[in-house]
Amino acid sequence: MPDSRLATLQAEHIQHLQTAYADILNQQGYDAVLISSGAAPMRYADDQAHHHQGYGHFLHWVGLSDLEHSWLLVEKDGRVRLWLHTPVDFWHAVTPIPAEGWTRLIEVTGQAGIDAPDITYPERLAVIGDPAQISGAPGDANPPSLLAALDSLRVIKTAYEVACIDQASAIAARGHNAARDAFLAGASEFGINLAYQQATGQRETQAPYHSIIGLNQHAGTLHYQHYDLQAPHRPRSLLIDAGVRYRGYCSDITRTTAAPGENRFGALIAGLESLQKRLCDAVAPGVDYIELHQRAHLGLAALLKASELVQDIDDAGMVEKGITRAFFPHGLGHFLGIQVHDVAGKPRPAPEHAPFLRLTHSLKPGMVVTIEPGLYFIPSLLDPLLESTDRRYLNRPLIDDLRGCGGIRIEDNVLVTEAGARNLTRTHLPV
Ligand code: GLY
Ligand code: MN
Ligand code: MN
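Residues numbered from 1 in each chain as written. Chains lettered and ligands numbered in written order. Predicted model: local features only at pLDDT ≥ 70, side-chain atom pairs only at ≥ 80, totals over all residues. Heavy atoms only, no water.

Draft legend 1. Region of interest: the coordination of the manganese ion (ligand 2). Protein coordination at the manganese ion (ligand 2): the donors are D252 (OD), H334 (NE2), E372 (OE) and E411 (OE), at 2.0 to 2.2 Å from the metal. Bound by six donor atoms, the manganese ion (ligand 2) shows angles of 50 to 155° at the metal and therefore irregular coordination geometry. Look at where the donors of the manganese ion (ligand 2) fall in the sequence and you get D-x81-H-x37-E-x38-E. A relative accessible area of 3% places H334 in the buried class. The exposure class of E372 is buried, given its relative accessible area of 8%. (Donors = N, O, S within 2.8 Å, 3.2 Å for Na, K, Ca; no water. Tetrahedral: all angles 85-135°; square planar, octahedral: opposite > 155°, others 65-115°. Buried < 20%, exposed > 50% of the residue type's maximum accessible area, 1.4 Å probe, protein only.)

If you want it as structure tokens, here you go:
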């Protein structure tokens, strides 16, 4: 998308926030809200800081995820001011005052200090952000009902936000292609991570979450956090779950690849991908996400049977007995936006049968969700099942053979539209 079009969409996004914040401030009985960017805390007993990625409600307005010690004041008459931290500092680079079009809507001033700006504030003031950063600031600190209203505002994305998530997906797609090529060329987890970073032009600390890169059985650890420096003697599989942050907005994409010759595991990936695509196609306004999660379990039951991993039980019975949960323990997906697991996903609690489900809405146009079914060989979940009376349904030799491939997850980012859905990932990464 040309920069000028993105700038127009950003101006419309800010104008939408001005109106929406005015309504929320009126409803909540405030004249203004002061929003802290936050700042990275120091490591304990050290002179080094943790990495910073910005407070969500701050990023909603300005998208500058690396700003620290900066403040935004939103008044209910629509006036918005940003105090950008511009210290005199010869150790670090200081963020210059941006010259982009959005500064016509948000007044930007430099401020050397880190405290809330020393101005006369409107009478009824709220201040929101990391409690450690706002403790000395004026106003009611983090009022829960105001925070809930601002979280809800982030559920329906503007055209600007969708364009940013789409671009985050486009950049991540380059990284996923490079990661697959690196795997097929024999790279280690560490080497695949380097290939991903090189192709996306993104440092690890800027990524919306730690890239999950697992070879062989590591693919079965849902949020595997290490990178082996050496490739395994016999590479069998790669699972990479990695995204990109673009102008504050995240992508969250997973692909699984079988090594050449891993035909059985490759067929299982193809089966899960076919289910994943059907689930993406089923995304539409009015769809209950909890029901979609259940549909994923029924689809997984059919796949487990077709691949002969589970036998002699019908699909509904397999789900009912919790057998599919041993293979697919996490939720089908979540909201995606400024945070990878974006806010306000659970207007009702997750049901007992899906305790890790992060999204319980009925879908509406403008929501962006992930669709990420999985099929894993996780010893701590499968071994008790293999010891239980339900072991008679399980094909132990086949499970034992595929354990070494770890597992499969396939994850796309999907926009709910008036007519149905738009897959923001497959347009850039068809496989
Ligand atoms: N990357 C974490 C997740 O898919 O939820
Ligand atoms: Mn996800
Ligand atoms: Mn993911």
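Draft legend 2. Region of the structure containing helix α8 (residues 289–306). For α8, built from 18 residues, the straight-helix expectation of 26 Å at 1.5 Å per residue is met to within 8% by its first-to-last C-alpha distance of 26 Å. Among the residues making up α8, those that are buried are Y289, I290, L292, H293, A296, H297, G299, L300, A301, L303 and L304. If you follow the buried residues of α8, they end up packed against α7 (263–282), α9 (315–320), α10 (323–327), β12 (368–371) and β13 (374–376). You can read the cap of α8 off the contacts: a side-chain oxygen lies 2.8 Å from the backbone nitrogen of I290, and it is on D288. Directly beyond the C-terminal end of α8, a positive phi value near 70° is found at E308. (Helix = DSSP H or I, 4+ residues; strand = E, 2+ residues; numbered from the N terminus. Expected span 1.5 Å × (residues − 1). Contact = heavy atoms within 4.5 Å. Polar contact = N/O pair within 3.5 Å; in protein donor to acceptor, adjacent residues only side chain to side chain.)

Draft legend 3. Molecular detail of the coordination of the manganese ion (ligand 3). At the metal site, the manganese ion (ligand 3) is ligated by D241 (OD), D241 (OD), D252 (OD) and E411 (OE), and these contacts range over 2.0 to 2.3 Å. Because the angles between the six donor atoms bound to the manganese ion (ligand 3) fall within 57 to 170°, the donor set is best described as irregular. All donors to the manganese ion (ligand 3) come from one chain, and their sequence spacing reads D-x10-D-x158-E.

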